[in-house]
Structures are given as C-alpha cells and as structure tokens.
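Notes for the structure review
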Amino acid sequence: MSQQSKVRLRVLGLSYSQTQSGAYALVLAEENGQRRIPIIVGGFEAQAIAIELEGLKPPRPLTHDLFVNFARTFNINIVEVDIYRLEEGIFYSKLICEQDGNFIKIDARTSDAVALAIRCNAPIYTTGLIVEKTGVVFNAEGEAVQERGDKPDTQTNPASLSSGKYDKYSIKELQDLLNKSISNEDYEEASHIRDEIQRREEK
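The model shown is predicted, which means the values in this text are computed figures rather than measured ones. (Residues numbered from 1 in each chain as written. Predicted model: local features only at pLDDT ≥ 70, side-chain atom pairs only at ≥ 80, totals over all residues. Heavy atoms only, no water.)

**Digging into unusual backbone geometry**
- One non-glycine residue with positive phi stands out, namely Asn75, at about 60 degrees.
- For Asp100, which is not a glycine, the phi torsion comes out positive at approximately 55 degrees.

Printed below as a string of structure tokens:
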C-alpha cells in the first residue's frame with residue numbers, strides 16, 4: 001500500500017483516555033484492515049459523536065445538527081472527510097463539500113469533521129502514512145499487540161465502558177432514566193445508560 005494512498009476508516013467507538021483527565025479517545029479503524037487509530041478529543045466533542053453513534057435524539061438540535069440542517073437547506077453535501085496530516089500529535093482534517101457541482105474544501109477539527117461525517121453518512125479517509133505512523137492492532141482483551149510509530153494515548157478496549165452503578169436498575173427503569181437524561185440534555189449520562197441497555201439486550 002502506498003503511504004500516500006487513501007485509506008477508508010470507520011468509527012469504532014469512544015473510550016476514556018488513560019493519559020489525559022477529562023478527555024476521550026475517538027477510535028477509528030481501517031475498513032479493510034485491523035489497525036486502529038486513537039485520537040484524543042475533549043468531553044464536549046466526544047459527546048457530540050456519542051449522541052449520534054448511540055442514536056439519541058436531543059429535544060433541540062445541537063451545534064453539529066444545526067450545521068447539517070443549514071447545509072441541507074442550501075443544498076450543500078458533505079461528500080467526505082479527509083484526515084490528511086499529523087503534526088506534533090495533532091490530526092488535521094478537511095471537509096470535502098459539494099454544491100451545484102462545485103467542490104469546496106473546508107478545514108475542520110478532526111472531532112468536528114467526524115461528528116458531521118456520521119450525521120451525513122459521509123466516508124472518512126486518511127493517508128497510508130498516517131495509518132503507518134499511528135495504527136495499532138488490539139487483541140481480544142483490548143491490549144495493543146502491534147504498534148507502529150508513536151504510542152497511542154490509550155490502550156483500553158474501545159468498546160464503550162460500562163459502569164456497575166446501573167446494576168440495580170431494570171431495563172424499564174433504565175429506559176426511564178435514559179429519557180430523563182435526554183430531556184435534561186445530559187447526553188454523556190444518556191450515552192452510558194444506552195450502553196448498559198444494549199449490553200443487557202445482547203446477552
């Protein structure tokens with residue numbers, strides 16, 4: 001694979017960062033490979049991504065929802081997201097947008113770009129070079145078994161982390177808590193509750 005070739009990624013999930021308090025690791029995975037790229041994002045950015053991944057429906061549009069609604073109103077399509085550069089640990093991204101046959105590139109933070117991509121069902125790409133430098137392969141226990149380049153900020157399993165605080169609640173009670181959290185716009189709590197519900201339903 002050419003290091004400058006485009007590599008399509010998918011959003012695997014979010015996990016807590018073990019090295020930065022209050023931060024999360026957004027984990028992207030090769031669509032046709034085993035390597036994963038952890039990208040450190042803040043709590044607000046993680047929340048914006050988690051809400052869409054979990055299928056939560058806020059009572060009012062959040063900032064990224066507003067951006068998508070604005071774009072659609074003016075017939076602007078987000079064609080793809082390109083994570084095109086890595087410099088001093090910072091990932092640089094751009095949105096490729098189309099309007100009336102014209103293509104426009106817009107610089108964006110990677111967390112914002114991903115949050116918009118999942119809302120628009122737009123593909124996410126990076127370069128082979130970035131995958132070579134940052135890609136990590138995890139085993140079933142969530143431990144890194146193959147590393148390339150810099151050590152990532154997290155080696156935890158990127159699956160959502162569950163908490164024992166919900167053990168005493170029934171599924172119905174959890175659903176009530178979920179609805180209450182959404183009504184209160186406490187989306188971080190809502191995403192944890194949704195994870196717990198899904199974990200039980202998968203048993």
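**Points about the pattern of salt bridges**
- One pass over the structure, following the stated rule, counts 10 salt bridges.
- The partner of Lys6 in a salt bridge is Glu80, and the shortest N-O contact between them spans 2.8 Å. With a gap of 74 residues between them, Lys6 in strand S1 (residues 6-16) and Glu80 in strand S4 (residues 77-87) connect regions that are remote in the sequence.
- Relative accessible area serves as the criterion here: at 52%, Lys6 is assigned to the exposed category.
- For Glu80, a relative accessible area of 13% translates into the label buried.
- Between Asp112 and Arg109 there is a salt bridge whose closest N-O contact spans 3.0 Å.
- Using a relative accessible area of 45% as the deciding quantity, one classes Arg109 as partly exposed. (Salt bridge = Lys/Arg side-chain N within 4 Å of Asp/Glu carboxyl O. Helix = DSSP H or I, 4+ residues; strand = E, 2+ residues; numbered from the N terminus. Buried < 20%, exposed > 50% of the residue type's maximum accessible area, 1.4 Å probe, protein only.)

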